[in-house]
Amino acid sequence: MPKFVTIQYGDRAGYDRTPQPVRDAAHEQDARLRSEGALIGRAGMPVQVRNPAASGVETCDGAFMSSELPIAGFAVIEAADLTEAIDKISQVPCAVAHGVVEVWPLG
């Protein structure tokens with residue numbers, strides 16, 4: 001079955017202004033995805049890694065890219081196709097709590 005990487009963006013303010021029953025249902029969706037074998041995790045502090053021309057590893061704390069909302073988490077899910085992946089991820093916390101989720105097909 002095809003796999004998809006999701007990048008979830010959201011902040012506490014959006015989460016807090018979302019009604020509790022909606023948040024509870026979103027966490028239940030995360031639990032369903034986990035029971036299907038999805039790998040789900042919250043984002044920690046990023047580190048950039050470079051090794052230009054294999055000349056030596058360079059690291060730098062912090063994200064390479066920035067967005068209006070911080071990255072809150074990631075998931076790797078399985079779905080029959082992109083439509084099913086979107087359906088599955090459209091009910092997770094970041095999607096319903098005023099955030100956004102990117103869905104990336106893995107080739």
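Remember, it's a predicted structure, so these values are computed and weren't measured experimentally.

(A) Highlighting the overall build of the protein chain. Across its full length, the protein chain carries 4 helices and 6 strands. Tracing the protein chain from N to C terminus, the helices and strands come up as β-α-α-β-β-β-β-α-α-β. Along the three orthogonal principal directions, the C-alpha set of the protein chain runs to about 50 × 35 × 20 Å. By the burial criterion, 27% of the 107 residues in the protein chain qualify as buried. Counting only contacts in the protein chain whose residues sit at least 6 apart along the sequence, the fraction spanning at least 24 positions is 72%. A total accessible area of about 7,100 Å² is found for the protein chain, and carbon and sulfur atoms account for 58% of it.

(B) Focus on helix 2 (residues 20-35). In this model helix 2 runs 23 Å from its N-terminal to its C-terminal C-alpha over 16 residues, within 8% of the 22 Å that 1.5 Å per residue would give. The set of residues buried in helix 2 consists of R23, A26, Q29, D30 and L33. Viewed along the axis of helix 2, the buried residues span an arc of 110°, placing them on a single side of the element. Residues of helix 2 that are exposed and angled more than 90 degrees away from the buried face: P21 and S35. At its buried positions, helix 2 is contacted by helix 1 (12-16), strand 2 (39-42), strand 5 (71-78), helix 3 (82-89) and helix 4 (93-96). Positive backbone phi, approximately 105°, marks G37, located one or two places after helix 2.

(C) Inspection of the layout of surface pockets at higher detail. The space that makes up the largest pocket amounts to roughly 490 Å³. Lining the largest pocket are 18 residues, and of these H27, R42, A72, P93 and C94 lie nearest its centre. The class makeup of the residues in the lining of the largest pocket is 7 nonpolar, 6 polar and 5 charged. By volume, the second largest pocket is sized at about 420 Å³. Counting only elements with at least two residues in the lining of the second largest pocket, the list comes to strand 1 (3-9), strand 5 and strand 6 (100-105). Looking at the lining of the second largest pocket residue by residue, the class counts come to 13 nonpolar, 3 polar and 1 charged.

(D) Representation of the sheet that holds strand 5. Sheet architecture is open: 4 strands sit in the order 2-5-1-6, paired in antiparallel fashion. Only two strands of the sheet have a single neighbouring strand rather than two, namely strand 2 and strand 6. Each adjacent strand pair in this sheet contributes to an overall mean axis angle of 15°, direction not counted. Two strands pair when backbone bridges link them, and strand 1 and strand 6 are joined in this way by 6 bridges, in the antiparallel orientation. Bridge pairing in strand 6 links T6 to V103.

Rules used in this analysis
- Residues numbered from 1 in each chain as written.
- Predicted model: local features only at pLDDT ≥ 70, side-chain atom pairs only at ≥ 80, totals over all residues.
- Heavy atoms only, no water.
- Helix = DSSP H or I, 4+ residues; strand = E, 2+ residues; numbered from the N terminus.
- Buried < 20%, exposed > 50% of the residue type's maximum accessible area, 1.4 Å probe, protein only.
- Contact = heavy atoms within 4.5 Å.
- Areas by Shrake-Rupley, 256 points an atom, 1.4 Å probe, with all protein chains shown as cover.
- Expected span 1.5 Å × (residues − 1).
- Arc of directions from axis to C-beta.
- 1 Å grid on protein atoms, 1.4 Å probe; cavity = no way out; pocket = protein on both sides within 12 Å on 5 of 7 lines; lining within 4 Å.
- Points joined across faces, edges and corners; volume = space filled by probe spheres on them.
- Nonpolar A, V, L, I, M, F, W, Y, C, P; charged D, E, K, R; others polar.
- Pairing = 2+ DSSP bridges.
- Axes fitted to C-alpha atoms, helices over the stretch in contact; angles between N-to-C directions.

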